[in-house]
Each structure stands twice: as C-alpha cells, then as structure tokens.
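Here's the letter readout for the chains.
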Amino acid sequence: MRLTADERAARRDIDTWAQSMGSPVSQLINWAMQPVDWVVERSVSGEMLDRAEEVTAEALSQLSDMSARTGVLDTVRSDAQKQGIDIDAVEDLRHEPLEVLDELAQTRMQQNALIAALEGGGTGLGGAALLVADIPLLFTINFRVIQTISACYGFPMEDAAYRPLVLAIFTAAASGSRAARADALRESSVAAAALVHDHPYSGRRTGSFHEQNRHVPREIAKALIRRKLGQLIPLAGAAVGAGVNYWFTKSTAKTSFMCSRALYLDWKERHR
C-alpha cells in the first residue's frame, strides 16, 4: 500500500533520528554526567561492575514474564476510545492514520519518565543496598514504555517472541549509537515482514534466544550501569539516580516511538 505524504515525511523523520547524535537534552545529560563517570571509573570495584551486569542480564531475561502483569492493552484501548478511536482490539489501530496514532503515543511518553525519575531518586538515597533493586524496577518501567508505545500503533508485544525487538530497542536507547538505532530499525522491518504474511517472528539472527542476545546485557551495561553506579557517590546518589532513570526512560520512549512508527510504515507498505 502506498504511503501518504505525511507518512513519507514521518519516514524522513525516522531516518534523521537514526543518523542523529541524540537530542539536545540527551547530549546535555551526557556532558553533565562526565564528572560522575570519572569518579565511578576510579572508585567502583570490578566486582561491583560485574554484579551490576549480572543483575542487568537477569532483569532482561525476565522480560517475557512481565508481559502478563503490565495491563498495557486495556490502558491503550481505553486511551484510544477517549480519543474517539472506535476499536475492538489493539491490532485494529494498525488501520488508523499515523498522525492519530502519533498523538495517542505521545500522550503516554512523559508520564513513565517521571515515574522512573522518582523511583531512581528514592533508591539513590540507599546507596549500594538499593542499587541492585533499582535496576530491575527501571527495566520493568521501561518494558512497559515499549509495550505501551508499540501497542499505540497496533502491535502488542506481550508475546515472548518479540523479545529480540524489545532488546534491540533497549540497546539503542542505552547506547544512543547510530549502529544500535539502525539495528533496532532493521529488527522492526523483520517483524513487519513476518506480521504482514502471518508468519511467526523470531528475530533476525538464527539460533536460540540466548545465542542471539548473549552480548546484549554487556552492551547495555557499558552505557547504563556505570552511570547507575554513580548513585554510590555520597550526597549525589539521589540526583544521579533520578537523572539517569529519567534520561534512560526518555531515551527508551523516543526509541520505541521511532521504531513503532517504522514498524507501522513497513507493515503498511507491505500490506495489500
């Protein structure tokens, strides 16, 4: 199916995002966090870093178990109906105009970032004892963000089969690199091709889920965990925890927004 002028403009917007160096806010946070990074590099033990990476890997491995507990689909369906969109199922949103779905998704993006900031600030007061608890909570909030935004475009990701795409979004959000964004968009395209032909989606790479994603926790940890460990710095823990959680959740929301739009456009172009 041919794309409209607005949809072609959205495609260009996605391409610009994929090639960009990140938002001004993200760049400002990266600059502001440099002193924290310097302190962490010199004061945090390798054992603590390894432990944080283990917690990250464990949190990511539990993503499929979180799906049934999020209640995302009912929330999105209710939001759509409040916006005047008459649907029976979330999948029906695939047939709505992109500008309508963009508005639906944008109403859900800011709220979770504030929740994550509050959670990070609270756990930041507890130093090392609460740092380990903070990581699974952060991933739970961000997993809900990904599910919510993708559902706004008619693609519920409650099935464990979507974990390769979810992990690609997490990786792109944490690293902010062009390569990671390109990888997430390629994963979206593969998912769209499978869905339009009613084929099962299992990710781009062959092999088991563990084999496909064995490097993901380390990639995410390199970008995220060192900054989370800044919560151990006396007096700065709450501010670092709130700031990093807010940055990561905003980045996750933006990445999910762009990848979900790309998924919608790829699906529509292939759909007959």
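One can find the structure itself at the top, above this paragraph.
Here is what the cut-offs are and how they apply
- Residues numbered from 1 in each chain as written.
- Predicted model: local features only at pLDDT ≥ 70, side-chain atom pairs only at ≥ 80, totals over all residues.
- Heavy atoms only, no water.
- Phe/Tyr/Trp six-rings, centres within 6.5 Å; stacked < 30°, edge-to-face > 60°.
- Helix = DSSP H or I, 4+ residues; strand = E, 2+ residues; numbered from the N terminus.
- Buried < 20%, exposed > 50% of the residue type's maximum accessible area, 1.4 Å probe, protein only.
- Expected span 1.5 Å × (residues − 1).
- Contact = heavy atoms within 4.5 Å.
- Patch = residues over 30% accessible without salt bridge, like charges linked within 9 Å, V, L, I, M, F, W, Y side chains within 5 Å.
- Areas by Shrake-Rupley, 256 points an atom, 1.4 Å probe, with all protein chains shown as cover.
- Salt bridge = Lys/Arg side-chain N within 4 Å of Asp/Glu carboxyl O.
- Lys, Arg positive; Asp, Glu negative; His and termini not counted.
- Charge placed at Lys NZ, Arg CZ, Asp CG, Glu CD.

Quick look at the packing of aromatic side chains now. Geometry of an aromatic ring pair is reported as the spacing of the ring centres plus the angle between the planes. Evaluation of the coordinates by the stated rule reveals 5 aromatic pairs. Taking 6.2 Å as the distance between ring centres and 10 degrees as the angle between the ring planes, the aromatic pair formed by Phe170 and Phe248 counts as stacked. Here Phe170, found in helix 9 (residues 163-175), pairs with Phe248, found in helix 13 (residues 237-270); they are 78 residues apart in sequence, far enough to count as distant. The pair Phe170 / Phe248 is uniform in exposure class, with both members buried. By the ring-pair criterion, three or more aromatic residues cluster together here, those being Tyr153, Phe257 and Tyr264.

Between the first and last C-alpha of helix 10 (residues 178-196) there are 27 Å, a value that for 19 residues agrees with the 27 Å anticipated at 1.5 Å per step. Within the span of helix 10, buried status applies to Ala180, Arg181, Asp183, Ala184, Leu185, Glu187, Ser188, Ala191, Ala192, Ala194, Leu195 and Val196. Positioned one or two residues after helix 10, Asp198 has a phi angle of 60 degrees, which is positive.

Okay, unusual backbone geometry next. Positioned with a positive phi, Asp198 is a non-glycine residue whose angle comes to about 60 degrees. Within the fold, Asp198 resides in the loop between helix 10 and helix 11 (209-212).

One can find Val196 in helix 10. The buried category is assigned to Val196, whose relative accessible area is 15%. Each C-alpha atom of the pair Val196 and His271 lies 6.0 Å from the other, and the pair is 75 residues apart in sequence. Discounting residues that sit within four places of it in the chain, Val196 has contacts with Trp267, Arg270 and His271.

Turning our eyes to something else, we now look at a negative patch on the surface. Negative charge collects at one region of the surface, where Asp86, Asp88, Glu91 and Asp92 lie side by side. Structurally, Asp86 is set in the loop between helix 6 (72-82) and helix 7 (98-124).

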